[in-house]
Structure formats: C-alpha cells, structure tokens
Amino acid sequence: MPELPEVETTRRGIQSHLEGNVIQSVCVRESRFRWPVTDDLQHILPGLTITHIARRGKYLLLNTASGTLIIHLGMSGSLRIVTNGIPPQKHDHIDFIFAGNLLLRFNDPRRFGAVLWTEKPVNEHPLLKDLGPEPLESEFNGEHLYHQSKNKSLAAKSFIMDSHTVVGVGNIYANEALFMAGIKPTRAAGKISLTRYRHLADCIRLVLQNAISQGGTTLRDFVNEDGKPGYFKQQLKVYGRGGEPCTLCLSPLTEIRISNRTTVFCSHCQT
C-alpha cells in the first residue's frame, strides 16, 4: 500500500504541473472504486483551475475555487503526468485532461482507491475531520503521543498506526521508527514514558522525512508520477528482514504479527 512518503512524493511530483492549470475535461473509464465515482464529475470539473495541491494523511487534495477533489491511492493506485494522446493501459481508469496537452492519469489495479468531490470545507469531510495531527507538522510531538496513550493497553505499534493518534504512519514506517527509538512494538502504549515518546516522535518524523527524500519505498504495486520506483527500501533496518541480523547488535530479528500486520524488531535493542 502506498504510504505517506509515497503520497507526498506524488503530491510534489504533480504539483508543479497542475497548480494554476485548468481542467479541460474528465474521462472516467471505470467508476467502481471503494466509493463509486459520482456521475456528474465529468460535468463539474471542466473549466476549474487547480489552485493548490495539498495532502492530509494519505489523501491528496486538489483544491479549486468551487471545491476539492479528494484522491486516495488505495492499495495499489498511482497517479502519473502523461502527454495527452498517449493511449490508456489496463487499469488506467480515470484521466483528468488539462491545458497544455497534459493529463493526470489515475491507475488502480485493485480499485480500492477513491476519487471524491466535495464543495464543503475539505477538513469537515467525514474521511478527514477526525484524523490526528500530521507527523511532519509542529503540533505532532512526544507530549501529544504521551497524552493520547494514557491508560491504553494496545501495542505501541498499533497505537502509532492509528490515524486518530497521528496520520500516515503505516506499517513499514512504524516498524522502522520503533526500531530507531528502541521501543518494542508489543509494549503497551500506556506504559511508555514521556521521554521515550519524545524520542519516538522525533524518530517517526525522521524516518518519514528520509523516505520522502528517497522518493518513497519500492513496493510491488507502486511507482511514482514519473513511472520510476522509489528507493528507500534499500535503507530499511527491520521491515522485511525477519530472521536476518540486527544492524546494531547482529542478533536475529524477530518477526511476528500484530493486528494481522507483519512486525519485525530486535528483542535485544528494543525494550
């Protein structure tokens, strides 16, 4: 699944092409996604200018003066900037055609993504209004994690992956941040000190920033807006390395399942 760094990489990649550009037409070849694409989208969007492209968690927000187009990449979706006239390939389900012979192409093999339109303030949308803080913004810190964790017995990994706690910390980066912070992923969230949460918040931010700078993690289904894979996977310390030596102490890394997600950690370095 594309995680926050992949989505942010995509946002930055399409931003320079689309901000200030006018949507000329929309071609919907498939409307059956996680939520159906509204029938009137092809009539609403033409003539609107993209004023700003933002991100909230894993949602891309294409803002116009009349409303906001909300795009989620789902399990396997991707967005590409291509030249108008290039024939669509299999799973290229929606084209947003812009001035300047450009189009934004939405590809989603599994169709778990979403393309939604809202004319209300986007932060009031049901999918966004209850989300926690952005991990790269100043309101996210150790104090926030410590306050949210009070009296919670769920695993630390599940806690930081909860979008009500903080948005966008998916499975890969939760594994990596907890390893960097030296916190065992099974430790009860309510049993972690403020000092350790301050360190964890810094680690979450650093891991995500590093991933963004590398262009996102190489996943089987993900390519960025240029059609090129990301390269951060080469630097992963624990995820996908169960049974291999810890990069710090050389002990074999332990692999378990937490909330049905692959979880890898060092039983010696993480407590």
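First things first, this report covers the structure right here in the doc. Here the structure is a predicted model, which means the values were calculated and not measured.

### Some details on the overall build of the protein chain
Right, so step 1: A tally of helices and strands in the protein chain yields 6 helices and 10 strands.
Right, so step 2: A compact globule built from 271 residues would reach a C-alpha radius of gyration of about 18 Å, and the protein chain, at 20 Å, matches this within 12%.
Right, so step 3: By its C-alpha atoms, the protein chain is 55 × 35 × 30 Å across when sized along the principal axes.
Right, so step 4: When burial is assessed residue by residue, the protein chain has 52% of its 271 residues classed as buried.
Right, so step 5: Nonlocal contacts in the protein chain, meaning residues at least 24 apart in sequence, comprise 65% of its contacts between residues at least 6 apart.
Right, so step 6: Total accessible area on the protein chain stands at roughly 12400 Å², and carbon and sulfur atoms take up 48% of it.

### Points about the sheet that holds strand β1 (residues 23–28)
Right, so step 1: Sheet architecture is open: 4 strands sit in the order β1-β6-β7-β5, paired in antiparallel fashion. Every other strand in the sheet has two partners, leaving β1 and β5 (78–83) as the edge strands with one partner each. Neighbour-to-neighbour, the strand axes of the sheet open up by a mean angle of 20°, direction not taken into account.
Right, so step 2: As defined by bridge partners, strand β6 (residues 92–98) adjoins strand β7 (residues 102–107) across 6 bridges and the pair is classed as antiparallel. Within β7, the residue paired with Asp92 across the bridge is Asn107.
Right, so step 3: Contacting β5, β6 and β7, helix α1 (residues 4–18) crosses the sheet at an angle of about 30° to β5.

### Side note on the nonpolar core
Right, so step 1: Core analysis: the largest hydrophobic core is formed by 26 residues, its most contacted members being Leu45, Leu69, Ile71, Phe96, Leu104 and Val115.
Right, so step 2: Contributing elements (two or more residues each) for this core: α1, β1, β3 (59–63), β4 (68–72), β5, β6, β7 and β8 (114–118).
Right, so step 3: Ignoring anything within four residues of it in the chain, the contact list for Leu45 reads Ile23, Val26, Leu69, Phe96 and Trp117.

### Examining the pairing of β6
Right, so step 1: Within β6, 7 of the 7 residues are buried, which leaves it mostly tucked inside the rest of the structure.
Right, so step 2: Looking at chain direction, β1 and β6 are connected through 5 bridges and run antiparallel. Looking across to β6, one finds that Val28 is bridged to Ile94.
Right, so step 3: Between β6 and β7, which follow one another and run antiparallel, lie 3 residues, and Gly100 among them has a positive phi close to 85°.

### Quick word on helix α5 (residues 171–181)
Right, so step 1: Counted residue by residue, α5 has 10 buried out of 11 residues, so it is predominantly covered.
Right, so step 2: Those residues of α5 that fall on the buried side of the exposure criterion are Asn171, Ile172, Tyr173, Ala174, Asn175, Glu176, Ala177, Leu178, Phe179 and Ala181.
Right, so step 3: In the core, the buried residues of α5 are packed alongside α1, α4 (156–161), α6 (194–214) and β10 (261–265).

### As for the pattern of salt bridges
Right, so step 1: Scanning the model with the defined rule gives 12 salt bridges in all.
Right, so step 2: For Arg56, the salt bridge is made with Glu134, and the minimal N-O distance between the two is 3.0 Å. Of this pair, Arg56 sits in strand β2 (residues 52–56) while Glu134 sits in the loop between β8 and α3 (142–149), and the two are 78 residues apart along the sequence.
Right, so step 3: Assessed through its relative accessible area of 16%, Arg56 is described here as buried.
Right, so step 4: Of the charged contacts, one joins Arg205 and Asp202 as a salt bridge, the two residues approaching to 3.5 Å between their closest N and O atoms. Residue Arg205 and its partner Asp202 are both found in helix α6; the two are separated by 3 residues, about one turn of the helix.
Right, so step 5: In the salt-bridge network here, residues are joined through shared partners; they are Glu8, Arg11, Arg12, Arg55, Arg56 and Glu134.

### Section: the side chain of Glu3
Right, so step 1: Here Glu3 shows up in the segment before α1.
Right, so step 2: Nearest to the buried, unbridged Glu3 among oppositely charged side chains is Lys58, at 4.9 Å.
Right, so step 3: For Glu3, the side chain forms a polar contact with the main-chain nitrogen of Ile172, separated by 3.1 Å.
Right, so step 4: In this view, Glu3 contacts Lys58, Val169, Gly170, Asn171, Ile172 and Tyr173; residues no more than four positions away in its chain are not counted.

### A word on the side chain of His144
Right, so step 1: Inspection of the secondary structure assignment puts His144 in helix α3.
Right, so step 2: By relative accessible area, His144 is classed as buried at 16%.
Right, so step 3: Sequence-distant contacts of His144, that is, excluding residues within four places in its chain, are made with Pro133, Glu139 and Thr165.

### Here's the deal with the environment of Ser25
Right, so step 1: Structurally, Ser25 is set in strand β1.
Right, so step 2: Between the alpha carbons of Ser25 and Ile50 there is a distance of 13 Å; along the sequence they are 25 residues apart.
Right, so step 3: Not counting the four nearest positions on each side in its chain, Ser25 is found in contact with Pro46, Asp95, Phe96 and Ile97.

Thresholds applied
- Residues numbered from 1 in each chain as written.
- Predicted model: local features only at pLDDT ≥ 70, side-chain atom pairs only at ≥ 80, totals over all residues.
- Heavy atoms only, no water.
- Helix = DSSP H or I, 4+ residues; strand = E, 2+ residues; numbered from the N terminus.
- Rg over C-alpha atoms; globule rule 2.2 N^0.38 Å.
- Buried < 20%, exposed > 50% of the residue type's maximum accessible area, 1.4 Å probe, protein only.
- Contact = heavy atoms within 4.5 Å.
- Areas by Shrake-Rupley, 256 points an atom, 1.4 Å probe, with all protein chains shown as cover.
- Pairing = 2+ DSSP bridges.
- Axes fitted to C-alpha atoms, helices over the stretch in contact; angles between N-to-C directions.
- Core = buried A, V, L, I, M, F, W, Y, C linked by side-chain atoms within 4.5 Å.
- Salt bridge = Lys/Arg side-chain N within 4 Å of Asp/Glu carboxyl O.
- Lys, Arg positive; Asp, Glu negative; His and termini not counted.
- Polar contact = N/O pair within 3.5 Å; in protein donor to acceptor, adjacent residues only side chain to side chain.

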